[in-house]
Amino acid sequence: MHLVAHAGAALAALAGSALAAMAFLGPETGVEGTSGALLALVGALVVALGAGLALWRGLRGFWRILLDGFLLIAAALTALAAWFLMQPLLAAAMVLALLAVLVSLVTLVSHPQRRPSR
Amino acid sequence: MTCSLLTLPLRSAALAALLAAPALAEQTTWTGFHGDLASTKFADVARFTPATVGNLVRAWEVRTGDVSDGSGDRPATVWSATPVYANGMLYLGTPFYRILALDPATGAEIWSYDSHSTLEALTQPALKNRGVAYWESGQQGPCEKRVYLGTMDAHLHAVDADTGALCPDFGEGGILDVNRWNRVNARFPFSLLQPPLVVGDRLYLGWAGKDWEYAVAPPGNLLALDARTGRLEWELSFIPEEMIPQTGTANIWTAMSADPELGLLYAPVSSPSPNYWGGNRTDPIPLATSVTAVDLETGEVVWSFQHVHHDIWDYDTPAAPQLVDIERDGQTIPALVQTTKQGFLYVLDRRTGEPLFPVEERPVPPSDAEGEVASPTQPFALTPPPTNDPFRMPGVWWLADLTSGGQCSRERETYRYEGIFTPPSEQGTFLYPGTAGANNWGGAAVDDRNDILYVNSMRVVQVLTLIPREEYDRIQGDSGNEEGYYPQEGAPYGIHLTEWRNALGLPCWEPPYGTFAAYDLRSGERLYEVPFGLSQQWGFYGLRDWGSPTLGGPVATAGGVIFIGASMDNRVRALDAATGRELWSDIVDAPVVANPAVFTHDGVDYVVFVAGGNSILKDEVSDQVVAYRLP
């Protein structure tokens, strides 16, 4: 399940990255060339890369909780930034990414994976 | 917000009823910066209504190519030109001092004229232009219709309105060197950034100078020129002759109004030099910082109303007054409304200069600066209510204070503030409104059918510090557009001016930073006041209740819609005139700091915005012109 969730998060964050790039590069987005739009772009890329890393490495246990927690915060802050940049599509994409990461965390908590016994 | 929740709907309903008055004949031209000689900025077009403006579409968009952000060798541009619609064309001046004649329906260039003026910021921190002027003789033939463009280096160009060819009978081969009349204290050229006012067959010309640099500067004057030849017909100086060796300016750098029926021109006169210390000019200069009525034929002063005595705040009269006939007690009174940097709205009888609402002379604080003698009283116009509170500056904003560890609260106790006319000091004085004013060159709009005035305002707090000469010479730093270090050479003080912000760059004062309001000029009552626009920092938008600082003015239309740019969020908007509610908006390249032009061409109504930008709002400039129409 967490693979699906991370895939969803990566896709949503990739879409967010594209939207953030469009907002930053303009024209006439109201935020083109601003440090706020650049920050949102970096935030969306970080979430996309982090979710991709989780998919690729299939992290478990502590490292997965750490990464998912980080992704949750990054997605939430990027969504907040997008909201204050008046980029509703970007905000929606990052909320989707956030929800996907949340699903990954919930599945981890409800189905904890144990180390294989020796 | 000053309206209570209970009264706002009633007032809005009353205003809506007033706006439903039958429209006058359709206006088809927009012949000047404020639309017409009366500077009403009222467009008699009825198809733009609260029900229809949501459907506005871009008719066309033009980029002139005349733009600089100042990063290269060329100074930055500051473009606040309002297009002139006349002769079936749209005429624009650019900050590279070119004229463009565009097809109003498509934006296609019909002709262009390049003045080849020097692109140096000779008197201003940036290359500036506020448009062109248009004249027609009523006869047929070459140069019987002309467009005039002024330049930073004091040349006035006259070209044929049909072809863009220079008019050889004007000045020397079509170019008039206005600096020939810069005969006294000529420390800088007469920069012609605002186009001349055209009344009949005359051009009335003011100029801009190098503010805050010198104590002794060219004395402000008004030049009346023959529209055909450029010959000087008369000249009026605003500084008493005996004061000229020790001061200067009190010039007209902004647009003017005129009432040809009364034979009067209304001149918004600025403050004398230096702007923030007046020890060299303690004798009265009655015409400085005034609105002055001048006989169009002779240049005689008919009356003058000084709204700041002994101005040491740079509270220039920033805009042409709006001329409006006010109905009162069954009588029609020819009036004018003078918007001011202070936020006072002076409503005067334009025949005599007598106030139509009480104006009080109130005691104001004395100065402790060396050699300074501040005026003991200043005029206060409290009806209609000022756009900005003259008695209390905005409080400390908790968010800025919190994020700076109490920096804002500490500074609030450090600097001097005892109401709007607190004199500049070595300790540092809060300027509220700031030097760019509550209102500036955009002025107000007025609907003459119901005597409703619409005006946007800016709520920015600055800190002005007088720096003793020796210390100034040691520490002087960079200067910019309305902030930084300025020498005031010849005065015992240089100055430092800055916005009151915390270490993170957040404003230390409470929002809103800008508002939009409507006033009933018959009663003097404010009908509504709402936050206007969105402020921005690093791209992030503030909340709607915070508003935005504003530069540039509104246009009122017969359909009950207000068009306005003016905000720092790069948006152009249509507002409901009855409530100030936003009906439509679009994002453009940079803040629109000029007035929009609204006109009808070939039966289609257009609103045209110039998105030029201005670093007073934010460091973003553009060369974009955008026209909107209904589908």
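Per an unreviewed UniProt entry, chain B goes by Quinoprotein glucose dehydrogenase and derives from Rubellimicrobium thermophilum DSM 16684. The UniProt entry for chain B carries this comment under Sequence similarities (unreviewed entry): "Belongs to the bacterial PQQ dehydrogenase family."

## Re the overall build of chain B
The number of helices and strands found in chain B is four helices and 42 strands. The C-alpha radius of gyration computed for chain B amounts to 23 Å, which stays within 12% of the reference 25 Å derived for 631 residues, consistent with globular compactness. Taken along the three principal axes of its C-alpha coordinates, chain B extends 65 × 60 × 55 Å. For chain B, the proportion of its 631 residues judged to be buried stands at 65%.

## Remarks on the packing of aromatic side chains
Following the criterion strictly, the structure yields 32 aromatic pairs over all chains and no others. Aromatic pair Phe62 of chain A and Trp63 of chain A: ring centres 5.1 Å apart, planes at 75 degrees, arrangement edge-to-face. Overall, the relative accessible area of 53% leaves Phe62 of chain A in the exposed class. On the basis of relative accessible area, Trp63 of chain A is assigned to the exposed category, the value being 54%. Taking the centre distance of 6.4 Å and the plane angle of 25 degrees together, the rings of Phe188 of chain B and Tyr214 of chain B count as stacked. With a gap of 26 residues between them, Phe188 of chain B in the loop between strand S12 (175–177) and strand S13 (197–199) and Tyr214 of chain B in the loop between strand S14 (202–205) and strand S15 (221–226) connect regions that are remote in the sequence. In this structure, Phe188 of chain B and Tyr214 of chain B share a single accessibility class: buried. Members of the aromatic cluster, each reached through a chain of ring pairs, are Phe305, Trp313, Tyr315, Phe344, Tyr346, Phe380, Phe391 and Phe421 of chain B. Note that Arg74 of chain B overlies the ring of Phe96 of chain B, its terminal NZ or CZ placed 4.8 Å from the centroid. Against the face of Trp441 of chain B rests Arg130 of chain B, its NZ or CZ located 5.1 Å from the ring centre.

## Things to note about the nonpolar core
The tendency in soluble globular proteins is for nonpolar side chains to be buried side by side. Residues and elements named next belong to chain B. Membership of the largest hydrophobic core comes to 47 residues, with the highest contact counts inside it found for Tyr91, Ile99, Trp111, Val147 and Trp500. Among the secondary structure elements, those contributing two or more residues to this core are strand S4 (84–86), strand S5 (89–93), strand S6 (98–102), strand S7 (109–114) and strand S10 (145–150). Among all residues touching Tyr91, those that are not within four sequence positions of it are Pro83, Val84, Ala86, Leu100, Ala101, Trp111, Val132, Tyr134, Val147 and Ala161. The next biggest cluster of nonpolar side chains, apart from the first, holds 37 residues, and it includes Val45, Val53, Tyr85 and Phe609.

## Quick look at the sheet that holds S14 of chain B
Residues and elements named next belong to chain B. Across the sheet, four strands lie side by side as S13-S14-S15-S16; this open sheet has antiparallel pairing. If you trace the sheet from one side to the other, it starts and ends with S13 and strand S16 (232–237), each paired once. Within this sheet the neighbouring strands show an average axis-to-axis angle of 20 degrees, counted without direction. In the sheet, S13 pairs with S14 via three bridges, with the strands oriented antiparallel. Note on S14: the bridge partner recorded for Leu197 is Tyr204.

## Digging into the environment of Gly209 of chain B
Residues and elements named next belong to chain B. Checked against the element boundaries, Gly209 lands in the loop between S14 and S15. In sequence terms Gly209 and Thr49 are 160 residues apart; their C-alpha atoms lie 41 Å from each other. If sequence neighbours within four positions are ignored, Gly209 has contacts with Thr123, Gln124, Phe188 and Asn251.

## Some remarks on the UniProt feature "transmembrane region" (unreviewed entry) in chain A
This chain's UniProt record puts "transmembrane region" (unreviewed entry) on residues 36–56, 65–84 and 90–109 of chain A. The straight-line gap between the two end C-alpha atoms of residues 36–56 of chain A is 30 Å; of that span, 100% is helix and 0% is strand.

Calculation rules
Residues numbered from 1 in each chain as written. Chains lettered and ligands numbered in written order. Predicted model: local features only at pLDDT ≥ 70, side-chain atom pairs only at ≥ 80, totals over all residues. Heavy atoms only, no water. UniProt positions renumbered as here; feature names shortened; annotations may be inferred. Helix = DSSP H or I, 4+ residues; strand = E, 2+ residues; numbered from the N terminus. Rg over C-alpha atoms; globule rule 2.2 N^0.38 Å. Buried < 20%, exposed > 50% of the residue type's maximum accessible area, 1.4 Å probe, protein only. Phe/Tyr/Trp six-rings, centres within 6.5 Å; stacked < 30°, edge-to-face > 60°. Lys NZ or Arg CZ within 6 Å of the ring centre and 35° of its normal. Core = buried A, V, L, I, M, F, W, Y, C linked by side-chain atoms within 4.5 Å. Contact = heavy atoms within 4.5 Å. Pairing = 2+ DSSP bridges. Axes fitted to C-alpha atoms, helices over the stretch in contact; angles between N-to-C directions.

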